[in-house]
Amino acid sequence: MGSEGDANTNQRKPRFLCLHGFRTSGAILKKQIFDKWATQVVEKLDLVFVDAPSPCQGKSDVEGIFDPPYYEWFQFNKEFTEYQNFDECLAYIEECMIKHGPFDGLLGFSQGAILSAALPGLQDKGVALTKVPKIKYLIIIGGAKLQNKSVAEKAYSSGITCPSVHFLGEQDYLKKYGIELLESCGDPVVIRHPKGHTIPRFDEKGLETMLSFIEKVQAEISK
């Protein structure tokens, strides 16, 4: 029995690259997660936080709440249909995955969640992340779909087949877009919370759901 316990202790934790929200930072996302999420969740994951490649090009919504500097992954027009520096952003994420990886999956919030959910499809189509192992798992907090037609066609046309867990806030302004994203996922796990566009705390049911998802990931990567 002792050796079995030792084996469990030595299990590799699932490793996730964490992509922060628009005009925030890796340090801010790390603080949000470690302040809000239960210890039994964060201690089971190996989370790596990086800053987006572009310095903030306007006012950040977190000014006065979290200290700068702030960053953004890419820029977009008012309709969210045209992007600037998107290819550079994808190349930068790949560099981060090479430097800090290998990774089992991606965790993203807001703009980082939108990117995270699109990347498995873009990787499958051979237009992004061609030099790194396949993304196998997603943790999506306040996500949505990319609205640029040509990018969306590549990202979602085959569906998102990797296991994913999605946090949907009842008062999140992106909620309906998060539900649309679910329709492109093969077998999504959904954790609902009463808050808005934020990193939520877990209620009892959400905690149980999250730990079950992590357990499944842990079992698969330990095979």
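A quick note: this is a predicted structure, and the numbers were derived from the prediction, not measured.

Caption draft 1: The arrangement of the overall build of the protein in detail. Helices and strands together make up the secondary structure of the protein, namely 8 helices and 10 strands. Against the 2.2 N^0.38 benchmark of 17 Å for 223 residues, the protein shows a C-alpha radius of gyration of 17 Å, consistent with a compact globule. Referenced to the eigenvectors of the C-alpha coordinate spread, the extents of the protein come out at roughly 60 × 40 × 30 Å. Relative to its full complement of 223 residues, the protein shows a buried share of 49%. Pairs at least 24 apart in sequence give 73% of the contacts found in the protein among residues at least 6 apart. As displayed, the protein has an accessible area near 11,300 Å², and 50% of this comes from carbon and sulfur atoms.

Caption draft 2: Examining the pattern of salt bridges more closely. Scanning all chains against the criterion turns up 8 salt bridges. The salt bridge involving Asp104 is made with Lys136; its shortest N-O contact spans 3.9 Å. Placement of Asp104 in the loop between helix H4 (86-100) and strand E7 (105-109) and of Lys136 in the loop between helix H5 (111-124) and strand E8 (137-141) is noted, with a sequence separation of 32 residues between them. Judged by relative accessible area, Asp104 falls into the buried class, the value being 3%. Lys136 sits in the partly exposed class, given a relative accessible area of 35%.

Caption draft 3: How the structure looks around the nonpolar core. Counting residues in each nonpolar core, the largest one holds 40 residues, and the members touching the most others are Leu17 and Ile93. Elements with a minimum of two residues in this core: strand E1 (15-19), strand E2 (46-50), H4, H5, E8 and helix H6 (149-156). With 7 residues, the top contributor of residues to this core is H5. Discounting chain neighbours no more than four positions away, the residues touching Leu17 are Val48, Val50, Ile93, Cys96, Met97, Phe103, Gly105, Leu106 and Leu107. Counting 26 residues, the second-largest nonpolar core is a separate cluster that includes Ile33, Phe49, Ile139 and Leu207.

Caption draft 4: Inspection of the packing of H5 against H6 at higher detail. At their nearest, the axes of H5 and H6 sit 6 Å apart, and the two run at 65 degrees to each other. On the basis of their axis angle, the class for H5 and H6 is roughly perpendicular. Residue-level contacts link Ile114, Ala117, Ala118, Gly121 and Leu122 of H5 to Val151, Lys154, Ala155 and Tyr156 of H6. Of the residues contributing to the contact of H5 with H6, the split by class is 7 nonpolar, 1 polar and 1 charged.

Caption draft 5: The side chain of Arg23, seen in detail. Examined against the element boundaries, Arg23 turns out to sit in the loop between E1 and helix H2 (26-36). Overall, Arg23 belongs to the buried group, its relative accessible area being 17%. A distance of 3.3 Å separates a polar atom in the side chain of Arg23 from the backbone oxygen of Lys59. When sequence neighbours within four positions are dropped, the list of residues in contact with Arg23 reads Cys56, Gln57, Gly58, Lys59, Ser60, Val62, Tyr70, Tyr71 and Glu72.

Caption draft 6: Quick peek at the UniProt feature "domain: Serine hydrolase" (unreviewed entry) in the protein. Residues annotated by UniProt as "domain: Serine hydrolase" (unreviewed entry) correspond here to residues 12-203. With 31% helix and 21% strand, the stretch residues 12-203 has end C-alpha atoms that lie 27 Å from each other.

Caption draft 7: Looking closely at the sheet that holds strand E10 (residues 188-193). Pairing in this open sheet of 6 strands is parallel, and the strands run E2-E1-E7-E8-E9-E10 from one edge to the other. Across the chains shown, the open sheet's two edge strands, defined by having one partner strand only, are E2 and E10. Direction aside, the axes of adjacent strands within the sheet are offset by 20 degrees on average. Looking at chain direction, E1 and E2 are connected through 5 bridges and run parallel. Note that in E2 the partner of Arg15 across the bridge is Asp46. Sitting on the sheet, H2 is in contact with E1, E2 and E7, with an inclination near 145 degrees to E2.

Caption draft 8: Here's a closer look at the pairing of E8. Where burial is concerned, most of E8 is hidden: 5 out of the 5 residues are buried. Of the two faces of E8, the one carrying Tyr137, Ile139 and Ile141 and the one carrying Leu138 and Ile140 are both buried. The pairing of E7 with E8 spans 5 bridges and is classified as parallel. By the bridge assignment, Leu107 is partnered in E8 with Ile139. As a crossover connection, the stretch from E7 through H5 into E8 is right-handed. Judged from the 4 bridges that link them, E8 and strand E9 (residues 164-169) form a sheet pairing that is parallel. The residue bridging Ile139 from the neighbouring strand is Val165, located in E9. Between E8 and its parallel partner E9, the chain crosses via H6, and the hand of that crossover is right-handed.

Thresholds applied
- Residues numbered from 1 in each chain as written.
- Predicted model: local features only at pLDDT ≥ 70, side-chain atom pairs only at ≥ 80, totals over all residues.
- Heavy atoms only, no water.
- Helix = DSSP H or I, 4+ residues; strand = E, 2+ residues; numbered from the N terminus.
- Rg over C-alpha atoms; globule rule 2.2 N^0.38 Å.
- Buried < 20%, exposed > 50% of the residue type's maximum accessible area, 1.4 Å probe, protein only.
- Contact = heavy atoms within 4.5 Å.
- Areas by Shrake-Rupley, 256 points an atom, 1.4 Å probe, with all protein chains shown as cover.
- Salt bridge = Lys/Arg side-chain N within 4 Å of Asp/Glu carboxyl O.
- Core = buried A, V, L, I, M, F, W, Y, C linked by side-chain atoms within 4.5 Å.
- Axes fitted to C-alpha atoms, helices over the stretch in contact; angles between N-to-C directions.
- Parallel < 35°, antiparallel > 145°, perpendicular 65-115°, else oblique.
- Nonpolar A, V, L, I, M, F, W, Y, C, P; charged D, E, K, R; others polar.
- Polar contact = N/O pair within 3.5 Å; in protein donor to acceptor, adjacent residues only side chain to side chain.
- UniProt positions renumbered as here; feature names shortened; annotations may be inferred.
- Pairing = 2+ DSSP bridges.
- Right-handed = clockwise from strand over helix to strand, strands pointing away.

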